[in-house]
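# Breakdown of the fold
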Amino acid sequence: MLTEIKNNIYWVGYVDWAMRDFHSYITDKGVTYNSYLIKDEKNAVIDGVKAPYVGDHLRKIKKALGDCKLDYIICNHAEPDHSGGIPALVAETGATVVCDEKCQVILEGYYDISSWSFLIVKTGDELKLGARTLQFIETPMVHWPDSLFTYLPSDKILFSMDGFGQHYATSSRFDDQVPLCEAMAEARTYYANIVMPYGKQVKKVLEAAKDLPIEMIAPSHGVIWRSHVAEIVEAYQQWCECKPKAKVSILYDSMWESTTEMARAIYEGACCDGVEVKLLHVRRVGNTRVVADMLDSACIAVGSATLNQSIMPAMASALTYLRGLRPVGKVGFAFGSSGWGRGGPEDIQKYLEEMKFELMRDEPLKSKWRPTREVLEECEKMGALMAQKALELAAK
Ligand code: FEO
(Lines give C-alpha, C1' and ligand atoms only; values in the text may rest on other atoms or scores of the structure.)
Protein backbone atom coordinates (compact mmCIF):
# COMPACT_ATOMS: atom_id res chain seq x y z
CA MET A 1 0.00 0.00 0.00
CA LEU A 2 1.17 3.53 -0.79
CA THR A 3 0.89 6.06 2.00
CA GLU A 4 0.92 9.73 1.07
CA ILE A 5 2.86 11.18 4.00
CA LYS A 6 2.40 14.72 2.65
CA ASN A 7 0.90 16.05 -0.55
CA ASN A 8 2.69 14.20 -3.40
CA ILE A 9 5.21 12.57 -1.05
CA TYR A 10 4.68 8.82 -0.81
CA TRP A 11 6.07 6.03 1.36
CA VAL A 12 7.22 3.31 -1.08
CA GLY A 13 9.21 1.10 1.30
CA TYR A 14 9.02 -2.53 2.35
CA VAL A 15 8.01 -4.10 5.66
CA ASP A 16 9.87 -7.34 6.41
CA TRP A 17 7.74 -8.99 9.07
CA ALA A 18 9.83 -12.19 9.07
CA MET A 19 13.27 -10.67 9.63
CA ARG A 20 14.71 -11.75 12.97
CA ASP A 21 18.50 -11.44 12.57
CA PHE A 22 19.92 -8.24 11.12
CA HIS A 23 23.66 -8.97 11.08
CA SER A 24 23.35 -10.35 14.65
CA TYR A 25 20.96 -7.61 15.83
CA ILE A 26 18.00 -9.73 16.93
CA THR A 27 14.97 -8.00 15.46
CA ASP A 28 12.12 -9.45 17.53
CA LYS A 29 9.69 -7.06 15.89
CA GLY A 30 10.91 -7.40 12.29
CA VAL A 31 12.34 -4.64 10.09
CA THR A 32 10.96 -1.85 7.93
CA TYR A 33 12.97 -0.42 5.03
CA ASN A 34 11.57 3.03 4.35
CA SER A 35 11.79 4.71 0.98
CA TYR A 36 10.07 7.93 -0.03
CA LEU A 37 8.97 9.20 -3.43
CA ILE A 38 8.60 12.94 -4.06
CA LYS A 39 6.53 13.81 -7.14
CA ASP A 40 7.23 17.17 -8.73
CA GLU A 41 8.43 18.44 -12.13
CA LYS A 42 11.37 16.11 -11.41
CA ASN A 43 10.68 12.99 -9.37
CA ALA A 44 13.00 11.69 -6.69
CA VAL A 45 13.17 8.59 -4.54
CA ILE A 46 14.89 8.98 -1.18
CA ASP A 47 16.65 5.80 0.03
CA GLY A 48 16.44 2.40 -1.58
CA VAL A 49 15.52 -0.99 -0.12
CA LYS A 50 17.36 -4.27 0.41
CA ALA A 51 18.07 -6.18 -2.82
CA PRO A 52 15.43 -8.95 -2.50
CA TYR A 53 12.64 -6.37 -2.20
CA VAL A 54 13.44 -4.18 -5.19
CA GLY A 55 10.63 -5.74 -7.28
CA ASP A 56 8.07 -4.64 -4.71
CA HIS A 57 9.82 -1.25 -4.47
CA LEU A 58 9.63 -0.71 -8.22
CA ARG A 59 5.95 -1.67 -8.34
CA LYS A 60 5.14 0.93 -5.68
CA ILE A 61 7.21 3.61 -7.43
CA LYS A 62 5.50 2.93 -10.78
CA LYS A 63 2.08 2.97 -9.14
CA ALA A 64 2.76 6.40 -7.64
CA LEU A 65 4.45 7.80 -10.76
CA GLY A 66 2.06 6.52 -13.40
CA ASP A 67 3.51 7.57 -16.75
CA CYS A 68 6.07 9.92 -15.23
CA LYS A 69 9.72 9.02 -15.06
CA LEU A 70 11.99 8.75 -12.06
CA ASP A 71 14.75 11.35 -12.29
CA TYR A 72 16.74 10.99 -9.09
CA ILE A 73 17.61 8.36 -6.52
CA ILE A 74 18.85 10.06 -3.35
CA CYS A 75 21.21 7.61 -1.65
CA ASN A 76 21.59 8.93 1.89
CA HIS A 77 23.58 5.88 2.99
CA ALA A 78 25.32 3.09 1.06
CA GLU A 79 24.83 0.19 3.52
CA PRO A 80 23.22 -2.63 1.52
CA ASP A 81 19.94 -2.61 3.44
CA HIS A 82 19.30 0.68 1.62
CA SER A 83 21.48 0.42 -1.48
CA GLY A 84 21.02 -3.27 -2.38
CA GLY A 85 18.07 -2.51 -4.65
CA ILE A 86 19.65 0.53 -6.30
CA PRO A 87 21.45 -1.33 -9.14
CA ALA A 88 18.12 -2.73 -10.34
CA LEU A 89 16.43 0.62 -9.80
CA VAL A 90 19.07 2.38 -11.92
CA ALA A 91 18.87 -0.31 -14.61
CA GLU A 92 15.08 0.01 -14.80
CA THR A 93 14.76 3.80 -14.63
CA GLY A 94 18.11 5.30 -15.68
CA ALA A 95 17.73 7.78 -12.80
CA THR A 96 20.70 9.82 -11.58
CA VAL A 97 22.09 8.74 -8.21
CA VAL A 98 22.50 11.65 -5.81
CA CYS A 99 24.93 11.06 -2.94
CA ASP A 100 28.05 12.41 -1.26
CA GLU A 101 31.60 11.55 -2.35
CA LYS A 102 32.15 8.89 0.31
CA CYS A 103 28.91 7.20 -0.59
CA GLN A 104 29.95 6.97 -4.23
CA VAL A 105 33.20 5.25 -3.21
CA ILE A 106 31.29 2.70 -1.13
CA LEU A 107 28.73 2.09 -3.88
CA GLU A 108 31.65 1.44 -6.26
CA GLY A 109 32.97 -1.13 -3.77
CA TYR A 110 29.69 -3.00 -3.74
CA TYR A 111 28.33 -2.68 -7.29
CA ASP A 112 29.32 -2.12 -10.93
CA ILE A 113 28.52 1.58 -11.18
CA SER A 114 30.35 2.18 -14.46
CA SER A 115 27.14 3.03 -16.32
CA TRP A 116 25.48 5.06 -13.55
CA SER A 117 25.16 8.82 -13.69
CA PHE A 118 25.89 10.62 -10.43
CA LEU A 119 25.25 13.98 -8.87
CA ILE A 120 27.69 14.40 -5.97
CA VAL A 121 26.49 16.69 -3.19
CA LYS A 122 27.87 18.14 0.02
CA THR A 123 26.52 20.13 2.96
CA GLY A 124 24.63 23.21 1.79
CA ASP A 125 23.98 21.94 -1.73
CA GLU A 126 20.43 22.07 -3.06
CA LEU A 127 18.54 20.15 -5.71
CA LYS A 128 15.48 21.82 -7.22
CA LEU A 129 12.75 19.37 -8.18
CA GLY A 130 10.17 22.00 -9.21
CA ALA A 131 8.04 23.55 -6.49
CA ARG A 132 10.14 21.68 -3.96
CA THR A 133 13.87 21.88 -3.35
CA LEU A 134 15.99 19.37 -1.44
CA GLN A 135 18.86 20.44 0.81
CA PHE A 136 21.70 18.16 1.89
CA ILE A 137 23.57 17.87 5.19
CA GLU A 138 26.56 15.53 5.52
CA THR A 139 26.46 13.61 8.80
CA PRO A 140 29.71 11.61 8.71
CA MET A 141 29.88 8.58 11.03
CA VAL A 142 26.21 8.61 11.93
CA HIS A 143 26.85 5.77 11.55
CA TRP A 144 28.97 5.26 8.38
CA PRO A 145 31.40 7.70 6.73
CA ASP A 146 28.93 8.38 3.92
CA SER A 147 25.90 9.30 6.06
CA LEU A 148 23.78 12.13 4.68
CA PHE A 149 20.55 13.81 5.78
CA THR A 150 18.17 15.22 3.16
CA TYR A 151 15.98 18.12 4.24
CA LEU A 152 12.86 19.38 2.54
CA PRO A 153 12.31 22.95 3.80
CA SER A 154 8.95 23.51 2.09
CA ASP A 155 7.43 20.68 4.13
CA LYS A 156 9.83 20.79 7.10
CA ILE A 157 10.68 17.10 6.65
CA LEU A 158 14.08 15.68 7.61
CA PHE A 159 14.92 12.42 5.83
CA SER A 160 17.37 11.11 8.40
CA MET A 161 18.39 7.67 7.01
CA ASP A 162 19.34 5.42 9.99
CA GLY A 163 19.19 8.31 12.48
CA PHE A 164 16.05 8.17 14.65
CA GLY A 165 15.25 4.75 13.14
CA GLN A 166 13.86 1.63 14.74
CA HIS A 167 13.84 -2.02 13.70
CA TYR A 168 10.11 -2.31 13.86
CA ALA A 169 7.72 -3.99 11.42
CA THR A 170 4.30 -2.38 11.57
CA SER A 171 1.47 -1.61 9.17
CA SER A 172 1.44 1.89 10.69
CA ARG A 173 3.67 4.54 9.21
CA PHE A 174 3.55 7.18 11.94
CA ASP A 175 4.58 7.47 15.59
CA ASP A 176 1.06 8.46 16.67
CA GLN A 177 -0.41 5.24 15.24
CA VAL A 178 1.61 2.91 17.50
CA PRO A 179 2.15 2.86 21.28
CA LEU A 180 4.73 5.60 21.92
CA CYS A 181 6.52 3.53 24.57
CA GLU A 182 7.02 0.75 21.99
CA ALA A 183 8.40 3.09 19.31
CA MET A 184 10.71 4.76 21.85
CA ALA A 185 11.90 1.39 23.19
CA GLU A 186 12.75 0.21 19.67
CA ALA A 187 14.46 3.55 18.90
CA ARG A 188 16.56 3.12 22.06
CA THR A 189 17.47 -0.45 21.14
CA TYR A 190 18.39 0.72 17.63
CA TYR A 191 20.52 3.59 18.96
CA ALA A 192 22.34 1.32 21.43
CA ASN A 193 23.10 -1.38 18.86
CA ILE A 194 23.89 0.75 15.81
CA VAL A 195 24.70 4.33 16.73
CA MET A 196 26.16 4.27 20.28
CA PRO A 197 29.87 4.34 19.27
CA TYR A 198 29.29 7.63 17.46
CA GLY A 199 27.76 9.76 20.22
CA LYS A 200 30.15 12.66 19.60
CA GLN A 201 29.21 12.77 15.93
CA VAL A 202 25.49 12.57 16.80
CA LYS A 203 25.92 15.50 19.18
CA LYS A 204 27.52 17.57 16.40
CA VAL A 205 24.66 16.75 14.02
CA LEU A 206 22.03 17.65 16.62
CA GLU A 207 23.82 20.94 17.17
CA ALA A 208 24.05 21.65 13.41
CA ALA A 209 20.36 20.83 12.88
CA LYS A 210 18.98 22.59 15.95
CA ASP A 211 17.73 25.63 14.04
CA LEU A 212 16.02 23.66 11.28
CA PRO A 213 12.26 23.85 11.53
CA ILE A 214 11.23 20.18 11.60
CA GLU A 215 7.66 18.92 11.55
CA MET A 216 8.48 15.38 10.48
CA ILE A 217 11.52 13.11 10.81
CA ALA A 218 11.38 10.36 8.21
CA PRO A 219 14.05 7.74 8.97
CA SER A 220 14.95 4.79 6.78
CA HIS A 221 13.71 2.28 9.39
CA GLY A 222 10.52 2.16 11.44
CA VAL A 223 7.84 4.74 12.03
CA ILE A 224 7.97 8.37 10.90
CA TRP A 225 8.09 10.89 13.75
CA ARG A 226 5.45 13.61 13.32
CA SER A 227 3.69 13.89 16.70
CA HIS A 228 6.66 13.18 18.95
CA VAL A 229 9.54 14.94 17.18
CA ALA A 230 10.57 16.79 20.35
CA GLU A 231 10.59 13.55 22.38
CA ILE A 232 12.81 11.60 19.99
CA VAL A 233 15.23 14.55 19.57
CA GLU A 234 15.40 14.93 23.36
CA ALA A 235 16.05 11.17 23.70
CA TYR A 236 18.91 11.41 21.17
CA GLN A 237 20.36 14.31 23.18
CA GLN A 238 20.43 12.05 26.24
CA TRP A 239 21.63 8.93 24.43
CA CYS A 240 24.47 10.62 22.55
CA GLU A 241 26.07 11.36 25.90
CA CYS A 242 25.11 7.98 27.42
CA LYS A 243 23.39 10.16 30.05
CA PRO A 244 22.72 7.90 33.05
CA LYS A 245 19.30 7.31 34.54
CA ALA A 246 18.84 6.16 38.12
CA LYS A 247 19.23 2.65 36.82
CA VAL A 248 21.31 -0.34 37.85
CA SER A 249 21.88 -3.35 35.61
CA ILE A 250 23.29 -6.68 36.70
CA LEU A 251 24.60 -8.84 33.86
CA TYR A 252 25.54 -12.41 34.58
CA ASP A 253 25.90 -15.96 33.37
CA SER A 254 26.26 -18.97 35.61
CA MET A 255 27.13 -22.70 35.50
CA TRP A 256 25.87 -24.22 38.76
CA GLU A 257 24.00 -21.14 39.96
CA SER A 258 26.61 -19.76 42.36
CA THR A 259 26.98 -16.64 40.21
CA THR A 260 23.17 -16.53 39.95
CA GLU A 261 22.92 -16.42 43.75
CA MET A 262 25.43 -13.58 43.85
CA ALA A 263 23.59 -11.70 41.07
CA ARG A 264 20.28 -12.04 42.92
CA ALA A 265 21.84 -10.79 46.15
CA ILE A 266 23.22 -7.73 44.31
CA TYR A 267 19.76 -7.22 42.82
CA GLU A 268 18.11 -7.40 46.26
CA GLY A 269 20.57 -4.83 47.57
CA ALA A 270 20.02 -2.48 44.63
CA CYS A 271 16.20 -2.49 44.67
CA CYS A 272 15.02 0.69 46.31
CA ASP A 273 12.62 3.56 45.65
CA GLY A 274 13.54 5.66 42.65
CA VAL A 275 15.98 3.19 41.10
CA GLU A 276 15.20 0.93 38.14
CA VAL A 277 17.04 -2.37 38.49
CA LYS A 278 17.52 -4.93 35.71
CA LEU A 279 18.73 -8.48 36.29
CA LEU A 280 19.95 -9.74 32.91
CA HIS A 281 21.01 -13.33 32.25
CA VAL A 282 23.06 -12.61 29.15
CA ARG A 283 22.73 -16.08 27.61
CA ARG A 284 18.92 -15.89 27.79
CA VAL A 285 18.32 -12.19 27.17
CA GLY A 286 20.77 -11.91 24.26
CA ASN A 287 23.20 -9.18 23.29
CA THR A 288 20.73 -6.94 21.44
CA ARG A 289 18.48 -6.32 24.45
CA VAL A 290 21.37 -6.37 26.93
CA VAL A 291 23.13 -3.42 25.27
CA ALA A 292 19.87 -1.47 25.07
CA ASP A 293 19.83 -1.53 28.87
CA MET A 294 23.51 -0.59 29.06
CA LEU A 295 22.88 2.68 27.20
CA ASP A 296 21.13 4.46 30.07
CA SER A 297 22.26 2.46 33.12
CA ALA A 298 24.33 4.49 35.56
CA CYS A 299 25.81 1.46 37.28
CA ILE A 300 26.52 -2.00 35.94
CA ALA A 301 27.66 -5.13 37.78
CA VAL A 302 28.99 -7.90 35.56
CA GLY A 303 29.40 -11.47 36.76
CA SER A 304 30.38 -14.84 35.39
CA ALA A 305 31.17 -18.33 36.49
CA THR A 306 34.62 -19.63 35.58
CA LEU A 307 34.74 -21.97 32.60
CA ASN A 308 38.03 -23.18 31.16
CA GLN A 309 39.85 -20.53 33.20
CA SER A 310 37.85 -17.73 31.63
CA ILE A 311 34.29 -16.42 31.40
CA MET A 312 31.19 -18.13 30.05
CA PRO A 313 30.98 -17.97 26.21
CA ALA A 314 27.78 -15.90 26.17
CA MET A 315 29.36 -13.39 28.55
CA ALA A 316 32.45 -13.19 26.32
CA SER A 317 30.15 -12.47 23.39
CA ALA A 318 28.18 -9.83 25.31
CA LEU A 319 31.26 -8.03 26.63
CA THR A 320 33.09 -8.11 23.30
CA TYR A 321 29.99 -6.65 21.65
CA LEU A 322 29.54 -4.03 24.37
CA ARG A 323 33.23 -3.05 24.22
CA GLY A 324 32.86 -2.36 20.48
CA LEU A 325 29.87 -0.11 21.14
CA ARG A 326 32.06 2.04 23.43
CA PRO A 327 29.68 3.02 26.25
CA VAL A 328 31.00 6.00 28.20
CA GLY A 329 30.84 7.06 31.84
CA LYS A 330 29.79 3.73 33.35
CA VAL A 331 30.37 2.79 36.97
CA GLY A 332 30.41 -0.79 38.24
CA PHE A 333 32.32 -3.85 39.32
CA ALA A 334 33.09 -7.46 38.40
CA PHE A 335 31.88 -10.47 40.32
CA GLY A 336 31.56 -14.21 39.90
CA SER A 337 32.45 -17.66 41.09
CA SER A 338 34.95 -20.39 40.53
CA GLY A 339 35.62 -23.89 41.86
CA TRP A 340 39.00 -25.46 41.41
CA GLY A 341 40.12 -23.00 38.76
CA ARG A 342 40.16 -19.23 38.46
CA GLY A 343 39.70 -16.73 35.67
CA GLY A 344 36.01 -15.80 35.22
CA PRO A 345 35.67 -12.71 37.48
CA GLU A 346 39.29 -11.76 36.74
CA ASP A 347 38.64 -11.67 32.98
CA ILE A 348 35.52 -9.56 33.49
CA GLN A 349 37.61 -7.08 35.46
CA LYS A 350 39.91 -6.74 32.41
CA TYR A 351 36.95 -6.02 30.11
CA LEU A 352 35.61 -3.36 32.48
CA GLU A 353 39.05 -1.74 32.69
CA GLU A 354 39.29 -1.70 28.88
CA MET A 355 35.89 0.00 28.71
CA LYS A 356 37.15 2.57 31.24
CA PHE A 357 34.49 1.80 33.83
CA GLU A 358 34.87 3.68 37.09
CA LEU A 359 35.42 0.57 39.23
CA MET A 360 33.78 0.39 42.64
CA ARG A 361 36.22 -2.29 43.80
CA ASP A 362 39.92 -2.84 43.16
CA GLU A 363 39.34 -6.59 42.88
CA PRO A 364 36.33 -8.59 41.68
CA LEU A 365 33.82 -9.80 44.25
CA LYS A 366 34.35 -13.56 44.21
CA SER A 367 33.01 -16.76 45.67
CA LYS A 368 34.57 -20.22 45.68
CA TRP A 369 32.19 -23.11 44.99
CA ARG A 370 28.96 -21.84 46.63
CA PRO A 371 28.79 -18.26 47.92
CA THR A 372 28.97 -18.09 51.72
CA ARG A 373 26.61 -15.98 53.81
CA GLU A 374 29.39 -13.39 54.10
CA VAL A 375 29.83 -13.22 50.33
CA LEU A 376 26.09 -12.80 49.80
CA GLU A 377 25.96 -10.04 52.38
CA GLU A 378 28.80 -8.29 50.56
CA CYS A 379 26.85 -8.67 47.30
CA GLU A 380 23.80 -7.01 48.88
CA LYS A 381 25.97 -4.23 50.23
CA MET A 382 27.48 -3.62 46.78
CA GLY A 383 23.98 -3.58 45.26
CA ALA A 384 22.91 -0.90 47.73
CA LEU A 385 26.04 1.13 46.97
CA MET A 386 25.32 0.92 43.25
CA ALA A 387 21.75 2.16 43.77
CA GLN A 388 23.03 5.09 45.81
CA LYS A 389 25.62 5.93 43.17
CA ALA A 390 23.02 5.66 40.39
CA LEU A 391 20.77 8.17 42.17
CA GLU A 392 23.71 10.57 42.57
CA LEU A 393 24.77 10.26 38.91
CA ALA A 394 21.22 10.71 37.58
CA ALA A 395 20.78 13.85 39.67
CA LYS A 396 23.86 15.57 38.17
FE1 FEO B 1 20.02 0.78 7.84
FE2 FEO B 1 23.31 1.60 8.27
O3 FEO B 1 21.83 0.82 7.46
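Quick note: structure is the one above.
Let me begin by describing the structure that accompanies this report. Small disclaimer: the values here were computed from a predicted structure and weren't measured. (Residues numbered from 1 in each chain as written. Predicted model: local features only at pLDDT ≥ 70, side-chain atom pairs only at ≥ 80, totals over all residues. Heavy atoms only, no water.)

## Focus: the overall build of the protein
- Of the regular secondary structure elements, the protein holds 13 helices and 22 strands.
- Taken over C-alpha atoms, the radius of gyration comes to 24 Å for the protein, in line with the 21 Å a tight globule of 396 residues would show.
- By principal-axis analysis of the C-alpha atoms, the protein measures approximately 80 × 40 × 35 Å.
- Residues counted as buried form 58% of the 396 residues belonging to the protein.
- Across the protein, the fraction of contacts at a sequence separation of at least 24, relative to all contacts at a separation of at least 6, is 71%. (Helix = DSSP H or I, 4+ residues; strand = E, 2+ residues; numbered from the N terminus. Rg over C-alpha atoms; globule rule 2.2 N^0.38 Å. Buried < 20%, exposed > 50% of the residue type's maximum accessible area, 1.4 Å probe, protein only. Contact = heavy atoms within 4.5 Å.)

## Describing the side chain of S297
- Of note, S297 is situated in strand β19 (residues 297–305).
- Accessibility expressed as a relative area gives 0% for S297, which makes it buried.
- Separated by 2.8 Å, the side chains of S297 and S249 make a polar contact.
- Beyond its immediate sequence surroundings of up to four residues, S297 is in contact with K247, S249 and K330. (Polar contact = N/O pair within 3.5 Å; in protein donor to acceptor, adjacent residues only side chain to side chain.)

## Looking at the packing of helix α5 (residues 180–195) against helix α10 (residues 287–296)
- Here α5 crosses α10 at 95°, and the two axes come no closer than 8 Å. Our classification of the angle between α5 and α10 gives roughly perpendicular. Together, E186, R188, T189, Y191, A192 and N193 of α5 and N287, T288, R289, V291, A292, D293, L295 and D296 of α10 make up the contact between the two elements.
- Of the residues belonging to the contact of α5 with α10, the class tally is 5 nonpolar, 4 polar and 5 charged. (Axes fitted to C-alpha atoms, helices over the stretch in contact; angles between N-to-C directions. Parallel < 35°, antiparallel > 145°, perpendicular 65-115°, else oblique. Nonpolar A, V, L, I, M, F, W, Y, C, P; charged D, E, K, R; others polar.)

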